[in-house]
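Breakdown of the fold
Now for the letters of each chain:
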Amino acid sequence: MTSPDNSILPVRSAAEMLAAVPHLVGFHPTNSIVLIAIAGTKVALVTRGDLPAGLDDIAQALPALDQVNATHVVVAAYGPEDLATPAVDAARAVLTVAGLQVYDALRVTDGRYWSYLCDNPTCCSPEGTPYDAVASPLSVRAVVSGSSPFVDRASLAASIASAGGAVRAAMTKATDRARRRLADLPAGLSAVEAEGQAALTEAANRYRSGQRCTDDEVAWLTTLLSTIAVRDHAWLTASREEWHLELWRDLTRRADPDLVAAPASLLAFTAWLQGNGALADIAAHRALTADPSYGMALLVLDGLRAGIPPSVLEDWQTWADQHTDHP
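Residues numbered from 1 in each chain as written. Predicted model: local features only at pLDDT ≥ 70, side-chain atom pairs only at ≥ 80, totals over all residues. Heavy atoms only, no water.

What to know about the pattern of salt bridges
Considering all chains together, one arrives at 13 salt bridges under this definition. Notably, a salt bridge pairs D250 with R212, separated by 2.9 Å at the nearest N-O pair. A residue pair is termed long-range when its members are at least 10 positions apart, and D250 in helix 11 (residues 242-254) and R212 in the loop between helix 8 (189-208) and helix 9 (215-224) qualify at 38 residues. By relative accessible area, which is 3% here, D250 ends up buried. (Salt bridge = Lys/Arg side-chain N within 4 Å of Asp/Glu carboxyl O. Helix = DSSP H or I, 4+ residues; strand = E, 2+ residues; numbered from the N terminus. Buried < 20%, exposed > 50% of the residue type's maximum accessible area, 1.4 Å probe, protein only.)

Encoded structure:
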């Protein structure tokens, strides 16, 4: 789920809405059902699911729509008619029962869209209406503003997948050195916390200035992040600055597989804080692949399912205390 930046998305038509979707979800959707929630005159939330989708699948989005006080919804199903039409029918039924107006319902296939709510051939051709999600003026404005959606969800997931080859071999050696270094620290939590805060400060300075950590610095920081107190200190420093997202993206890719849960969860939270729901979801699942019971990742997924908007996360610790006791 994504909470969009409306300042770069002045939508005035169905074609512009569809051109905006990749920038709102972070990638170009395929075989997907997308719900675009409108609150007043602004896009308040975008949620995406896989096709096929039935009543129960659509109903899972209702808490999120309620959180943003949606007044009406645009439904867009990306895929062949035999998958798209049942999903749109289910979405219209669920949203109507929930008291939400369906502003438009669209099927999108091969660069064309069809409206389920318009049967006027003058404006809604039976052959579909062509549109270009890449070359549209809206998309160009979004790209100029820094938006760069991935080709598909798999490409987005691949962007934070574990690095392989020579990078992985070098990181394995660096992680072995970091573990020996950790074992040599004085006994007690205070020494680990002090090292963790110092490593986090150094990493922040590097990524803020457009640099990256060395292999040994990544290995040392990811090793320290396995201590919950260090992880929580990093959590408290989460921000909306782009370099912060790049920090955790890089560490998630380079971390030893046994240590990826913490940086992937921090990436998930930072992405959520910045309104990038697709990346937040993928990163949280990456963390849970490494550790199925990792509490921070579970917390992020709970928040995404509940539709908690990024504005609430400014006071995230209070919210977390009320909703979870996971480490």
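Quick look at the state of the cysteines
A full pass over the atoms with the stated rule returns one disulfide. Linked covalently through their sulfurs, C118 and C124 form a disulfide whose S-S length is 2.4 Å. Its S-S torsion of about 105° marks the bond between C118 and C124 as right-handed, since a negative value means left-handed. According to the relative accessible area criterion, C118 is partly exposed, its value standing at 23%. The thiol sulfur of C123 is not disulfide-bonded, and the nearest other cysteine sulfur, from C118, lies at 3.5 Å. (Disulfide = S-S within 2.5 Å.)

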